[in-house]
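The chain contents come next:
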Number of protein chains: 2
Amino acid sequence: MNAFADRVARINDLLCTVNLLNWDARVTMPKRGAETRGHQVATLKGLAREAILDPALRDLALAEHEAAHDPVRRRGAEAVLQAIDHHARIPAKLLRMQAERSALAGAAWAEARAASDFSIFRPHLEAVVGLARETADALGHDGHSYDPMVQVFEPGETAASLSALFDRLRAGILPILDAARGRPAPRTDFLYRHYPPETQQAYCAGLARDLGYDFGRGRLDTAVHPFEISFTREDVRITSRWRPDYLPMAIFGTIHETGHALYEMGVDPAHTRGVHATDLVGLYAVGGTSFGMHESQSRLLENHVGRSPGFWSAQFAGLRDAFPEQLRDVSEAEWVAAINRVEPGLIRVEADELSYDLHVILRVRIEMALMDGSLAVADLPEAWNAAMREDLGLSVPDDARGCLQDVHWSSGYIGSFPTYTIGNLTAARIMAHLDKSAPGLRAAADRGDTAPLRAALGQLVWRHGRSKSRAELQAELDGPADDPTDYLGYLRGKFG
Amino acid sequence: MNAFADRVARINDLLCTVNLLNWDARVTMPKRGAETRGHQVATLKGLAREAILDPALRDLALAEHEAAHDPVRRRGAEAVLQAIDHHARIPAKLLRMQAERSALAGAAWAEARAASDFSIFRPHLEAVVGLARETADALGHDGHSYDPMVQVFEPGETAASLSALFDRLRAGILPILDAARGRPAPRTDFLYRHYPPETQQAYCAGLARDLGYDFGRGRLDTAVHPFEISFTREDVRITSRWRPDYLPMAIFGTIHETGHALYEMGVDPAHTRGVHATDLVGLYAVGGTSFGMHESQSRLLENHVGRSPGFWSAQFAGLRDAFPEQLRDVSEAEWVAAINRVEPGLIRVEADELSYDLHVILRVRIEMALMDGSLAVADLPEAWNAAMREDLGLSVPDDARGCLQDVHWSSGYIGSFPTYTIGNLTAARIMAHLDKSAPGLRAAADRGDTAPLRAALGQLVWRHGRSKSRAELQAELDGPADDPTDYLGYLRGKFG
């Protein structure tokens, strides 16, 4: 390994270890470990930062950039130079405060959510928003302080671009939702029967395996809020949760995280032994190219595959074998109808496909308002509840089912929510492209065989890792970027 | 925090994170993660080493040592200066090779053990021994290359001191064992009934809790080879294993690891937020003062408490509640007799209390011979099997039940085995001291109340962490150090 690659590999080792500290904190760590865990994460991120800002790395990256003829190596050098620029703007003290705050806020959020008591989380969220504003100012911006925050997750997007895109999308979704609500609801009683958590976990593990998840390089655990995380492409873990009285959450949570995992597991190993660094700025050519592109893979697998009649034509018999009592009076058609029903609810991760983006848009508006100060943290529950009433016509009975439902803000993630909807838009774009360029994939998927589709996604997206930007990958698809047309067309076709 | 304490805290954060990487590798990591995990461990240990060898730390440690009037702070500075000296002697390259080798050897050992095929592990062990010899030479020694290896774990001991001590001990144990073998064996059939692993795990968790293990600061998991590990005194984890057809392994494995955990959890939090660094050289005043002192706490809890009639006078009813079918025809007296039976076997961690040290002495002799080259790795199975025949009169049917049974060598630990027997000697010394100085403790324990005994151990040993050496702690007990008299007296009293 040359000196440049060696330094980058060491930085990636540190960042992968930060990911393990975070996985452990969410899956296995005893409660009282939170504070010292915060110190550990802060120390490791601090060391990563020192290594990134070492002037010798900058010299090596510049030399690599000049010498590299291979575009992947060139892109790696660029990513490192961007990371150096990013970290040079953020003071070490701020980074350390953020890491320590995340650990405390994560524990407070879990407690607040369990007690449905926003006041437990409020001072932590105030600190998180304060630190986010300091970060935005340090990174610099012309317009909205949200811009540099969202660009950590989705390069190229701004508060303005997102507001315009999301306004068009919202305007397109609302009438489809109205129409769908006018139709008779399918039968859903059987979704709410008792499903033993252990059986759910075992069944979902089999489902993930059928979808190509490699358990030799991963594991499926239980978490309050499902997530995927990787410590190299050889160790890509997923989590889900098993509500005893509602089956779809486990199944679609697992399929969703499997979609993320397939992307990580599918990166070409030739790129590097390293890995992406999701909560800093990406280094080198492994891991997803952006959060939105990552989410496109999870949403594609969850919705375009996991909720399709074709998928269940192959899987329904196995589902009924796992839950013979609960599903004895349920037909395959009833199951498919139930998992595709439109029934706006309070919880984003349980939302039907059609109203899901309204949940996201609500959060993005709140994030923008928290960042520009037009909304105080103390007023968050009220603003949340008002938006839920306006967009979805629902009253929020308690904060656990309202503004405390998501883990993101407790982790210091502000600016990541837009990527969920960008994921939906991108998934629809990719499927539209594949329908034109390789219609056999859809035909195979309709017979329940997802292998050809996964192979195509591997070629089109996964193998490139970070070596191509989302814009570059999108340029290989037909149609304009960041446009809701394909997605609205898909939603109208399915629900209109 | 001052500059010195801040640097030490960061080093401890790195070393605690290495512990988490190792815990995860043994408990939760998917198999294919082993190689990249090796890189991660090596990178973090390398960074810890760089931080230890930073000349600024040495200056700060010298200044601290001069300025500190508090003996605990002084001892902290001394420990850091010793660590600097230790690391200055070992080349970075060797450290990195060891870390990478451990990850590979750990996976190979698990595979070799499962297949009972020494040839899978042999090349790895050859590499481990080669690296250990290089380490010994780098650390320097006058006599035996085993000396610097054992001193990492047990300062003050040498091949010569241990050979003399262990020869006396072996000569003392063999006649007691002969006499015990002549007596009729108690009934043990019920130990081998079917005990469902989940029930074992739940029961053992309750037992650990009864013995003072704080689940708010820890967790009990499953591992091939039980161990305790900590990532700060706020996060101290234990593992055990649940053989479906042999109950004592789970129970005494759990009590043993609980003993280790109580020591870690009982260190005075005033010392520092850091933690011990078991596989490098200790830094600062937290964690056990030596491996032998650590083992004294686990063996004391396992044998002096966990195998005593008094303990089971309080616990037997709960055990029978957990396993009503399996123990319906078993009396409390039969249970206590069975768990104290003398029946030499092949497996160290299942050995009866009387023959246990013979297993240890066998390993220590082999380690010494591997280090000085009088035994080749290829000849290890034969040497092992011959020693088992000579000391215990047993034939070894396969290597899984022979030289592949322990995890230690695969982790690069050579020189740690003697500390098991030092633990037994020290536990007997401590109990003899407490019987004289506070006879009420034994009386309470005989009624099943271990709280006073645990409080006394906390005062005598746990709270000091690394702030006092084993020699200093032993000086507060009666009688000579490193002498088998108390222990042989205890064994004769119980088994003679």
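The model shown is predicted, which means the values in this text are computed figures rather than measured ones. (Residues numbered from 1 in each chain as written. Chains lettered and ligands numbered in written order. Predicted model: local features only at pLDDT ≥ 70, side-chain atom pairs only at ≥ 80, totals over all residues. Heavy atoms only, no water.)

Attention shifts here to the UniProt feature "binding site: Zn(2+)" (unreviewed entry) in chain A. Residues and elements named next belong to chain A. UniProt annotation of "binding site: Zn(2+)" (unreviewed entry) refers to His256, His260 and Glu295 when read in the numbering used here. These annotated residues cover 40 residues of sequence, and their C-alpha atoms all fall within 8.6 Å of one another, placing them together at a single site. Using a relative accessible area of 10% as the deciding quantity, one classes His256 as buried. Among the polar contacts made by the side chain of His256, one reaches the side chain of Ser298 at a distance of 3.2 Å. If near-sequence neighbours (up to four positions away) are discounted, His260 is found in contact with Glu228, His294, Glu295 and Ser298. (UniProt positions renumbered as here; feature names shortened; annotations may be inferred. Buried < 20%, exposed > 50% of the residue type's maximum accessible area, 1.4 Å probe, protein only. Polar contact = N/O pair within 3.5 Å; in protein donor to acceptor, adjacent residues only side chain to side chain. Contact = heavy atoms within 4.5 Å.)

Turning next to the UniProt feature "active site" (unreviewed entry) in chain A. Residues and elements named next belong to chain A. In the UniProt entry, the feature "active site" (unreviewed entry) is given for Glu257. Looking at where Glu257 falls in the secondary structure, it is placed in helix H10 (residues 247–265). In this structure Glu257 comes out as buried when scored by relative accessible area, which is 7%. Each residue touching Glu257, except ones within four places of it in the same chain, is listed here: Pro226, Phe227, Glu228, Ile238 and Thr239. One polar contact links the side chain of Glu257 to the main-chain amide nitrogen of Glu228, over a distance of 3.2 Å. (Helix = DSSP H or I, 4+ residues; strand = E, 2+ residues; numbered from the N terminus.)

All right, on to the relation of the copies chain B and chain A then. When chain B is fitted onto chain A, the two copies agree to an RMSD of 0.0 Å after a turn of 180° and an axial shift of 0.0 Å. On this basis, the relationship between the two copies can be described by a two-fold rotation axis. Both copies contact each other with a shared surface, as 100% of the interface residues of chain B are interface residues in chain A too. (Least-squares fit on C-alpha atoms with pLDDT ≥ 70 in both.)

Turning next to the pairing of strand E3 (residues 236–240) of chain B. All names here are of chain B. Counting buried positions along E3 gives five out of five residues, so the element sits mostly inside the fold. Covered by surrounding structure in E3 are Val236, Ile238 and Ser240 together with Arg237 and Thr239, the residues of both alternating faces. Where strand E1 (residues 220–222) lies against E3, three bridges are found, and the strand directions are parallel. If you follow Leu220 over to E3, its bridge partner there is Ile238. (Pairing = 2+ DSSP bridges.)

Turning our eyes to something else, we now look at the domain arrangement of chain A. Residues and elements named next belong to chain A. Entries for chain A in the domain assignment read domain 1 (3–144) and domain 2 (159–495). Averaged C-alpha coordinates put domain 1 and domain 2 at centres separated by 25 Å. At the interface, 45 residues of domain 1 touch 55 residues of domain 2. At the boundary of domain 1 with domain 2, total buried surface from both sides reaches about 4,300 Å², with 68% on carbon and sulfur atoms. Linking domain 1 with domain 2 are one salt bridge, by the criterion used here. Our enumeration of links across domain 1 and domain 2 arrives at 11 residue pairs in polar contact (both at pLDDT 80 or more). (Domains from an automatic or database assignment. Buried area = accessible area lost by both parts, 1.4 Å probe. Salt bridge = Lys/Arg side-chain N within 4 Å of Asp/Glu carboxyl O.)

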